[in-house]
Amino acid sequence: MTRVCLLGAPEVNLRYELLSRDTARAALSTYALGEPYRNSLELETVSVGAAVSLLNDLNWYLVRFVDEALVQSPSISETEWLSRKLATAVREGELRPEETDRFLKVYGVDDDELLDPMFLARVDGQVPEYDLYDVDETLTVRVTEAEFGE
């Protein structure tokens, strides 16, 4: 299954904002919703295409209430997420899955809260260490070259 994770903007309660609006609530009603990180919403879809389609359907809300929309497909990586733009590029055939792993945005994770991200480039198959905070866990997001360092 392909997972989608929406990371809420700091000034909003993401679950409330999405589920209090009829269109967003209807679009999300068939999914089991989780909250893996503070102020986030996670669900499973059948494919990268279905994930991107759902994100497109929710775009009005994403622009207003979401900082990041992420997609994770086991056919691409079991542990790393894709940014929405990267997932869309894969879906559209603009990039092959094996071409998605160079540019990364890595968040520190502390007590279910995502900390400031670092932009890192994979070198010789290795990911440089996240060192903004002393954390035991990180969340790695593959991004497009254009998103790298935004």
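Look a little higher up for the structure.
About the cut-offs
- Residues numbered from 1 in each chain as written.
- Predicted model: local features only at pLDDT ≥ 70, side-chain atom pairs only at ≥ 80, totals over all residues.
- Heavy atoms only, no water.
- Helix = DSSP H or I, 4+ residues; strand = E, 2+ residues; numbered from the N terminus.
- Contact = heavy atoms within 4.5 Å.
- Areas by Shrake-Rupley, 256 points an atom, 1.4 Å probe, with all protein chains shown as cover.
- Lys, Arg positive; Asp, Glu negative; His and termini not counted.
- Charge placed at Lys NZ, Arg CZ, Asp CG, Glu CD.
- Salt bridge = Lys/Arg side-chain N within 4 Å of Asp/Glu carboxyl O.
- Buried < 20%, exposed > 50% of the residue type's maximum accessible area, 1.4 Å probe, protein only.
- Arc of directions from axis to C-beta.
- Phe/Tyr/Trp six-rings, centres within 6.5 Å; stacked < 30°, edge-to-face > 60°.
- Patch = residues over 30% accessible without salt bridge, like charges linked within 9 Å, V, L, I, M, F, W, Y side chains within 5 Å.

Enquirer: If you had to explain the overall build of the protein to someone new, which residues and values would you point to?
Expert: A tally of helices and strands in the protein yields five helices and seven strands. When the elements of the protein are put in sequence order from the N terminus, they spell out β-α-α-β-α-α-β-β-α-β-β-β. C-alpha atoms of the protein, sized along the principal axes, occupy 45 × 35 × 25 Å. Across the protein, contacts joining residues at least 24 apart in sequence account for 63% of those joining residues at least 6 apart. Just so you have it, the protein exposes about 8,200 Å², and 44% of that area is on carbon and sulfur atoms. Mean positive and mean negative side-chain charge positions of the protein (14 and 30 charges, respectively) differ by 7 Å.

Enquirer: If you had to explain the pattern of salt bridges to someone new, which residues and values would you point to?
Expert: Within this structure, the stated rule accounts for eleven salt bridges. When the shortest N-O distance is used, the salt bridge between E17 and R21 registers 2.6 Å. Among the ionic pairs, R96 bridges to E99, the shortest N-O distance being 3.4 Å. Residue class for R96 comes out partly exposed when judged on its relative accessible area of 48%. Residue E99 is classed as partly exposed on the basis of its relative accessible area, which comes to 38%. Overlapping salt bridges, with partners in common, bring together E80, D101, R122 and R142 in one network.

Enquirer: So, helix α5 (residues 84-91): which residues are in play, and what are the values?
Expert: Within the sequence span of α5, burial applies to L86, A87, A89 and V90. Buried positions in α5, seen along its axis, are confined to an arc of 160° and lie on one side of it. Turning to α5, the residues buried within the fold contact α3 (48-57), β3 (66-72), β4 (81-83) and β7 (137-142).

Enquirer: A description of the packing of aromatic side chains should follow, citing residues and the corresponding values.
Expert: On inspection of all chains with the given rule, the structure shows three aromatic pairs. Between W60 and Y61, the ring centres sit 4.9 Å apart and the planes meet at 75°, which makes this aromatic pair edge-to-face. The class for Y61 is buried, based on a relative accessible area of 9%. Ring geometry for F119 against F148: centres 5.9 Å apart, planes inclined by 80°, an arrangement best described as edge-to-face. You can see F119 sitting in strand β6 (residues 113-121) and its partner F148 sitting in the segment after β7, a full 29 residues away along the chain. Among the residues examined, F148 registers a relative accessible area of 29% and is labelled partly exposed. The structure contains a cluster of three or more aromatic residues connected by ring pairs, namely F103, F119 and F148.

Enquirer: Kindly report on a negative patch on the surface, identifying the contributing residues and their values.
Expert: Together, E35, D110, D111, D112, D134, D136 and E137 make up a region of like negative charge exposed at the surface. Note on placement: E137 falls in strand β7.

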